[in-house]
Amino acid sequence: MTTAVDRVGRPVRRTTSRAVPYAFLAPAIVLFTVFLLLPIGYAAYLSFRRVQVKGLGLGPGSRIEVFAGLANYRAALGDGELWRGALRVLGYGAILLPTMLGLALLFALLLDLHRSRLRRFSRISIFLPYAVPSVIASLLWGFLYLPAVSPGQYLLRAAGFSEIDLMTSRTIYVALVNIAVWGGVGFNMLVIYTALRAIPHELYESARLDGCSEFQVAWRIKIPLVMPALILTTVFSAIATLQVFSEPTTLRPLTNSLSTTWTPLMKVYRDAFVRNDLYSAAATTMVLAVFTLIVSLGFLRLVQSRAFGQENQ
Amino acid sequence: MTTTAAAPPIEETRPEITRSRPQGIAVLPTLVLLLGALYCLFPVAWVVIASTKSPGELFRTFTFAPGVSIFDNVVDLSTYQGGIYWRWTVNTALYAGVGGLASAFLSGITGYAFAKFRFPGRAFLFNVLLAGVLVPSIILAIPQYLLLAKMGLTNTYWAVLLPSIVSPYGMYLARIYAAAAIPDSLIEAARTDGASEWRIFTAVALPVMRPGLVTVFLFQFVAIWNNFLLPFIMLSDDRKFPVTVGLYTLLNRGNTVPALYTLVITGSLLSIIPLVALFLTLQRYWRIDLVSGAVRA
Amino acid sequence: MRRGFKRFTTTATVLLAGAVLVAGCSSGDGGGNNPNQKVELTFWTWVPNIDKVVEKWNATHPNIHVTASNQAQGDELVTKLLTAAKAGNPPDLAQVEYQALPTLVSNDVLADIKNETTAAKADFADGVWATVTLGTDAVYAVPQDVGPMMLYYRQDEFTRLGLTVPKTWDEFAAAAATVRTKSPKQFLTTFSSADPGWFVGLVQQAGGSWWGVNGDTWKVSVNDAATKKVADYWGKLVADGVVDDQPMYTPEWNKALNDGTLIAWPSAVWGPGVLAGNAADTKGKWAMAPLPQWSASENKTGSWGGSTTGVTKGSKNKAAAAQFAVWLNTDPEATAGLVREGGIYPASKAAQAGPALQKAPDFFSNQADFYVVAKGIADTAAGFTFGPNVNVTYSAYKDSFAKAIAEKTAFAGAVEAMQTATVSDMQAKGFKLG
């Protein structure tokens, strides 16, 4: 290690204490432990417990909490509905992820083009869905999807075509993906766009001077340079997709094609908040979390070097 | 990462670069962006139009036919239960503003630590923090309530603020931005000058990370603004509700009571406006001036 | 540098800890144990505008101050109650629907208020009182409102299509078929897979009984003959296409009520409020009649909805809370306020004949004797025993009937699925099933 000198030329000892990074991390770790680790731990503890009823089950002391071993996990893993839900989510994700991330990347690249017009208008318009409160989602999509009130269906009828039922058991995927793309493309676009803006412009100028088209600049230079941001959004979008809950819950009151357990997380919600059975919910969540962890770890291992290529490893 | 010595600031060279670019409008990209914008605006247009209808018109007239009752609806909303909607709005601004700022700062300091320091346990700690996203908030809500009840904090503003500050996603974002935007040379230079680590963070790292942290702030602000489950579980005093929970109680009043559809739609429209204003205000932070001209590999 | 850090972290920790302490001190409800001090009661309810009724109590009872808070309804409030009770800070009073009482009693959330309610018992019908005692000696809540079911229909559309008001379910089916033949764009009504309470009311009318108690054994019979009869009846109507299959309370359903796509609605006594809210422009066009019967000589109905006021076990002022609960649901001024401000139909017999219900609701100004007929119908409401896991059965209803409609299978299968779900849930929890 070379000795550093200060402006006057005196040697300066590096006094960066080893505790510095830990001190910086302390607030996050404390808050994380209290508000994430402890509740997760409690949920994990609950997943090994269950309710045992004595007698008729009415009256004081008739419900006690007992150790259940792996009973909740066996019930969760043996539940056909959970596996069917997982399959549905995988199908849903297979349609959603390429669509949403592809559009986010496309819009971000187009926004970064100096010659595009209406950039500010487009930027805020594409972000706006993120700002619409989810409380009116059922109302909103009810008005846009249900045939009697939908303007799209009205136009189809007026043009002489028959209505398209967007909420049959097959087409419901399209209806759901549409809601998710509409709501999510804005933020993902922003993340990629911010990363694009961090790239110094000289990098493209030489390519442009060499005669590369904008498309080649985008394909050869921009996309590889924003790869960390792309991977970031892909991983988090994938995790969010595995945990999809709000879009099917939004559409469920409007149609007969969705059950209350259509996705695994809906089953968790139903167990925890409708059946007031926190124990089964906890076990299902642990199973779901492990599955999500495996998927994301696998993906991250694949792209580890690309994700953090800009740090000294 | 290779670094070069500090290059002259880019501002002087920018005008030349701009002059050499073709000045025409790129039609296709503009068109595609416009289509995307219209696709995203379509449902928002419904919210605007629906909030101009009177309650009787909402389910009677064509979905995109505007009404003339926007003023009446806003008045109805403002006078409902003594103006509680505006109290909800103030609450939401508090939760989202304070929570977003705290979260952005926390993400900044955490991302900086992970990106710019080597220390034992770095990878492990980061992975543990990230693993927080694996467990969805639905299962955490009730345990968090029970925990805060032990601390005596349920039904307070803290109950909604404290759990919202930790954002694994924000920390990941901040780490990436810190790694990309802050050159090690800058930090070394500051250290050599004798600055404290804290001063390095606030004077050197934070300004450079600002655009990334603005994104984190905006993300967390909107996430808290739209968050429903946490305040729903934690709060039992309807004067402390954020707008999401408040409007929910107007909409979901059971089968036996009519829902206040128009109030809810008007309330939703009004709550989009501050978010749009915030977004417009924060836009200028996304113009990035790099501090040094170092080339990133 | 190191000192700077330490100073920073110490200050931050002290600030955070201090903030936590301050918040903790200021958030707790100061429950006065001093009998001379004012008693503060919290009341979780979703009746609209109930604060106006509560004000009357507060004005006349300076020593007992009640604060009502509207934060959730129905099942969601049950979840919040259970969580709060588990954490040790439940409210003093809560509005609880009839079907949720066994769940809450089973979780030891509600207190026995028999001592404070001996006088009030006479003001309620026996069937209604049985739902708050759960067949035991204890009294777990005071009935607040009831929802006897009746039929609402568009008088103008019926006249236009030449229909008479159906008195039996066979006539109802025939009317449904006539509507489709004469006017293919209209339906008589819809079968909703999203409203288990509606279905339970119809099952009650048919004499069904899903849960029964024998000693300390439960008997579960969601698939009894009466339920199957109701399910098969509606299944045939849906399969024949003579009734619609869309869920209620959606924008499309609201529009259908407005533009006459649906011209009848088997609903309950609180229907006028919902119709006024969702289809305001059809005011004066609707009329009310008793539900169609299964045989011409019968005169029975079921109940859809209805709630009670309960006192929680965790309350520190149970006697005062019970006093309020009784006042709210039996005092003539209080019940009149509940009717006028909250739009509910009171369970108290005196209130049902009271001044607030002398005039027909605004939306039914064309039917002056609306509440007279309603009271007659209310007296024919059949009783029902709810089990300790109603929520399991209700969510099974939503899933299995939605599936049956989507896949066009027989509704009897949906009923069997509900039975299986209910039984297996009770077995898993250790209930003895006979």
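## Regarding the overall build of chain A
1) Next: What chain A contains, in helices and strands, is 13 helices and 4 strands.
2) Next: At 26 Å, chain A has a C-alpha radius of gyration far larger than the 20 Å of a compact globule built from 313 residues.
3) Next: Dimensions along the principal axes, computed over C-alpha positions, put chain A at roughly 85 × 70 × 30 Å.
4) Next: Looking at the 313 residues of chain A, the share that counts as buried comes to 48%.
5) Next: For chain A, the proportion of contacts with a sequence separation of at least 24, taken over those separated by at least 6, is 66%.

## Quick notes on the overall build of chain B
1) Next: When its secondary structure is counted, chain B shows 14 helices and 0 strands.
2) Next: When the helices and strands of chain B are placed in sequence order, the string is α-α-α-α-α-α-α-α-α-α-α-α-α-α.
3) Next: Here chain B holds 297 residues, and 51% of them are scored as buried.
4) Next: Here the analysis covers contacts within chain B between residues at least 6 apart in sequence; of these, 77% occur between residues at least 24 apart.

## With respect to the nonpolar core
It is characteristic of soluble globular proteins that their nonpolar side chains tend to be buried jointly.
1) Next: Formed by 316 residues in total, the largest nonpolar core has its most connected members in A108(A), I192(A), A178(B), L101(C), F324(C) and A325(C).
2) Next: Ranked by residues supplied to this core, first place goes to helix α7 (residues 172-197) of chain A with 16 residues.
3) Next: If you count residues domain by domain, this core takes at least three from each of domain 1 (39-146 + 306-357) and domain 2 (149-303 + 383-429) of chain C.
4) Next: Non-local contacts of I192(A), meaning those with residues more than four positions away in its chain, are made with A104(A), L105(A), A108(A), V226(A), A229(A), L230(A) and T233(A).

## Quick look at the interface of chain C and chain B
1) Next: Each side of the interface is counted separately: chain C has 43 residues, and chain B has 31 residues.
2) Next: Of all elements in the fold, only α1 (2-27), α3 (74-87), α10 (251-259) and α11 (271-278) of chain C reach the threshold of two or more residues within the side of chain C that touches chain B.
3) Next: Per-element accounting of the side of chain C that touches chain B gives the leading share, 7 residues, to α1(C).
4) Next: Split by residue class, the side of chain C that touches chain B holds 18 nonpolar, 21 polar and 4 charged.

## Side note on unusual backbone geometry
1) Next: In this structure, N155(B) takes a positive phi of about 60° despite not being glycine.
2) Next: For N155(B), the position within the fold is in the loop between α7 (137-150) and α8 (157-165).
3) Next: For N49(C), which is not glycine, the phi dihedral falls at a positive 60°.
4) Next: Position of N49(C) relative to the elements: it lies in the loop between β1 (39-44) and α2 (50-60).
5) Next: The class for N49(C) is partly exposed, based on 16 C-beta atoms found within 10 Å.

## A few points about the interface of chain B and chain A
Often the size quoted for an interface is simply the accessible area lost on bringing the parts together.
1) Next: Across the boundary between the two partners, chain B contributes 88 residues, which contact 87 residues of chain A.
2) Next: Taken together, the residues of the side of chain B that touches chain A break down into 67 nonpolar, 16 polar and 5 charged.

## Overview of the packing of helix α10 (residues 227-242) of chain A against helix α9 (residues 168-181) of chain B
1) Next: At a closest axis distance of 11 Å, the pairing of α10(A) and α9(B) adopts a crossing angle of 170°. With respect to α9(B), the element α10(A) is oriented roughly antiparallel. Facing α10(A), whose interface residues are P228(A), A229(A), L232(A) and F236(A), α9(B) presents Y169(B), Y172(B), L173(B) and I176(B).

## A short note on the environment of V303(A)
Residue and element names in this part refer to chain A.
1) Next: Tracing the backbone through its elements, the reader meets V303 in helix α13 (residues 278-307).
2) Next: Assessed through the 16 C-beta atoms surrounding it within 10 Å, V303 is described here as partly exposed.
3) Next: For V303 and Y193, which are 110 residues apart along the polypeptide, the C-alpha to C-alpha distance reads 21 Å.

## Brief notes about the pairing of β1(C)
All names here are of chain C.
1) Next: Counting buried residues in β1 gives 5 out of 6 residues, a clear majority hidden from the surface.
2) Next: Relative to strand β2 (residues 64-69), β1 is paired through 6 bridges, and the arrangement is parallel. Across the sheet, W44 pairs through a bridge with S69, a residue of β2.
3) Next: On the question of chirality, the crossover connecting β1 to the parallel β2 by way of α2 is right-handed.
4) Next: Across 2 bridges, the pairing between β1 and strand β3 (residues 93-97) is parallel. Paired with W44 across the bridge in β3 is A94.

## Observations concerning the packing of helix α2 (residues 27-50) of chain B against helix α14 (residues 261-282) of chain B
Residues and elements named next belong to chain B.
1) Next: Interaxial distance between α2 and α14 falls to 8 Å at its minimum, and their mutual angle equals 125°. Relative to α14, the element α2 lies oblique. In this structure, α2 meets α14 at a crossing whose hand is left-handed. Contacts from V47, V48 and A50 of α2 reach α14 at I265, S268 and L269.

## Digging into the sheet that holds strand β8 (residues 264-268) of chain C
All names here are of chain C.
1) Next: One open sheet accounts for 3 strands, arranged β8-β5-β9; its pairing is antiparallel. One side of each edge strand has no neighbouring strand; the edge strands of this open sheet are β8 and β9 (286-289). In this sheet, neighbouring strand axes are inclined to one another by 30° on average, regardless of whether the strands run parallel or antiparallel.
2) Next: In terms of strand pairing, strand β5 (residues 149-154) meets β8 through 5 bridges, oriented antiparallel. Bridging across to β8, M149 finds its partner in A268.
3) Next: Strands in contact with α11 are β5, β8 and β9; relative to β8, the strand with the most contacts, it is inclined by about 130°.

## Things to note about the pairing of β8(C)
1) Next: Within β8(C), 5 of the 5 residues are buried, which leaves the element mostly enclosed by the surrounding structure.
2) Next: The two faces of β8(C) match: A264(C), P266(C) and A268(C) on one face and W265(C) and S267(C) on the other face are all buried.

## Regarding the sheet that holds β2(C)
All names here are of chain C.
1) Next: Taken in spatial order, the 5 strands line up as β2-β1-β3-β10-β4 in an open sheet, and their pairing is mixed. The two strands at the open ends of the sheet, each matched to only one other strand, are β2 and β4 (141-143). The average undirected angle you get between the axes of adjacent strands in this sheet is 25°.

## Details of helix α12 (residues 318-330) of chain C
1) Next: Taking 1.5 Å per residue as the helical rise, α12(C) with its 13 residues ought to reach 18 Å, and the 18 Å between its terminal C-alpha atoms agrees with that figure.
2) Next: All of the buried residues in α12(C) are A320(C), A321(C), A322(C), Q323(C), F324(C), A325(C), V326(C), W327(C), L328(C), N329(C) and T330(C).

## Re the environment of Y45(A)
1) Next: Along the polypeptide, Y45(A) turns up in helix α1 (residues 20-46).
2) Next: Residues Y45(A) and T249(A), spaced 204 residues apart in sequence, show a C-alpha to C-alpha distance of 28 Å.

## Here we look at the confidence of the model for chain B
All names here are of chain B.
1) Next: Here chain B shows a mean pLDDT of 84. Residues at 70 or above account for 87%.
2) Next: Ignoring residues within four places in sequence, the model shows residues 287-297, a span with pLDDT below 50, making 24 contacts including any to other chains.
3) Next: As a predicted assembly, this complex carries a pTM of 0.88 together with an ipTM value of 0.87.

## Describing the environment of A87(C)
1) Next: If you trace the backbone, A87(C) turns up in helix α3.
2) Next: In this structure, the C-alpha to C-alpha distance between A87(C) and A417(C), residues 330 residues apart in sequence, is 35 Å.
3) Next: Excluding anything up to four places from it in sequence, A87(C) contacts Y145(B), L146(B), A149(B) and T154(B).

Procedures and definitions
Residues numbered from 1 in each chain as written. Chains lettered and ligands numbered in written order. Predicted model: local features only at pLDDT ≥ 70, side-chain atom pairs only at ≥ 80, totals over all residues. Helix = DSSP H or I, 4+ residues; strand = E, 2+ residues; numbered from the N terminus. Rg over C-alpha atoms; globule rule 2.2 N^0.38 Å. Buried ≥ 20, exposed ≤ 12 C-beta atoms within 10 Å, placed from the backbone. Contact = placed C-beta atoms within 7 Å. Core = buried A, V, L, I, M, F, W, Y, C linked by C-beta atoms within 7 Å. Domains from an automatic or database assignment. Nonpolar A, V, L, I, M, F, W, Y, C, P; charged D, E, K, R; others polar. Axes fitted to C-alpha atoms, helices over the stretch in contact; angles between N-to-C directions. Parallel < 35°, antiparallel > 145°, perpendicular 65-115°, else oblique. Pairing = 2+ DSSP bridges. Right-handed = clockwise from strand over helix to strand, strands pointing away. Left-handed = near helix turned anticlockwise from the far one by under 90°. Expected span 1.5 Å × (residues − 1). pLDDT = per-residue confidence, 0-100.

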